[in-house]
Amino acid sequence: MDHQTPTSKASRKIRWALGLSLAVNLLFVGAIGGAIYRNAGGPGLDRYHAPDLRSYGTPYVRALPRKDRRDLHAYLKKNNGAGRPSRAERRAQYDNMLSVLRAEPFEVDAVQDILKAQGAAAHEMQTAAHRAWLDRISAMSAEERQAYADRLERELKKPKRKLRKPLRD
């Protein structure tokens, strides 16, 4: 038979209450600290969002009529496909970057070469997209361009979409 004195039952309850109180306080302090840490960069500079640097082309494309968006995508896929690296080639560039980052001694020039190749491919695709978009806008009537400008304005006023949070260590 277990012989417990009233003081041992009371002290156990007090320990549980203190432990629970400590846990709640730690949760509260963690939530406040996390909010401060996340927003420490000031307005528009938190850890999860660039300072409103959404893709410059995204609003322009979203404001196009659905058929024009599809046509633009199909055109870029057909006419710029030969000039851009395949998915396998892009994956190989990332794998190469991982190898270079892990190598000793670290070779800055190798990193710059990879970034330069990736940047050139992105620039080529962006230039083709600009050209195709401008061709479509140039073919619009004045009324169609006005309607497009109205849709673009509405698109630009939409709130930012939340981005995925980065991985943590």
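These remarks concern the structure in this document. Given the structure is predicted, the values throughout are model-derived calculations rather than measurements.

### So, the packing of helix α4 (residues 87-102) against helix α5 (residues 108-138)
At their nearest, the axes of α4 and α5 sit 10 Å apart, and the two run at 160° to each other. As summarised for this structure, α4 and α5 are arranged roughly antiparallel, according to the angle between their axes. In terms of crossing hand, the pair formed by α4 and α5 is left-handed. The residues of α5 that touch α4, namely those facing Q93, Y94, N96, M97, V100 and L101, are A110, V111, I114, L115, A117 and Q118. Of the residues contributing to the contact of α4 with α5, the split by class is nine nonpolar, three polar and no charged.

### Brief notes about the pattern of salt bridges
Oppositely charged side chains can pair when the atoms bearing their charge come close. Tallied over the entire structure, the rule returns six salt bridges. Here E155 and K158 are joined by a salt bridge, their closest N and O atoms 3.3 Å apart. K158 sits in the partly exposed class, given a relative accessible area of 48%.

### With respect to the packing of aromatic side chains
Scanning the entire structure with this criterion turns up two aromatic pairs. Their ring planes at 55° and their centres at 5.3 Å tell us that Y60 and W133 sit as a pair that is tilted. Here Y60, found in helix α2 (residues 57-62), pairs with W133, found in helix α5; they are 73 residues apart in sequence, far enough to count as distant. Seen in terms of ring centroids, W133 and Y148 are 6.3 Å apart; in terms of plane orientation they differ by 55°. Their pairing is tilted. Taken together, the residues span a long stretch of sequence, with W133 in helix α5 and Y148 in helix α6 (residues 142-157) at a distance of 15 residues. A relative accessible area of 22% means that W133 is categorised as partly exposed. Taken together, Y60, W133 and Y148 form an aromatic cluster joined through their ring pairs.

Rules used in this analysis
Residues numbered from 1 in each chain as written. Predicted model: local features only at pLDDT ≥ 70, side-chain atom pairs only at ≥ 80, totals over all residues. Heavy atoms only, no water. Axes fitted to C-alpha atoms, helices over the stretch in contact; angles between N-to-C directions. Helix = DSSP H or I, 4+ residues; strand = E, 2+ residues; numbered from the N terminus. Parallel < 35°, antiparallel > 145°, perpendicular 65-115°, else oblique. Left-handed = near helix turned anticlockwise from the far one by under 90°. Contact = heavy atoms within 4.5 Å. Nonpolar A, V, L, I, M, F, W, Y, C, P; charged D, E, K, R; others polar. Salt bridge = Lys/Arg side-chain N within 4 Å of Asp/Glu carboxyl O. Buried < 20%, exposed > 50% of the residue type's maximum accessible area, 1.4 Å probe, protein only. Phe/Tyr/Trp six-rings, centres within 6.5 Å; stacked < 30°, edge-to-face > 60°.

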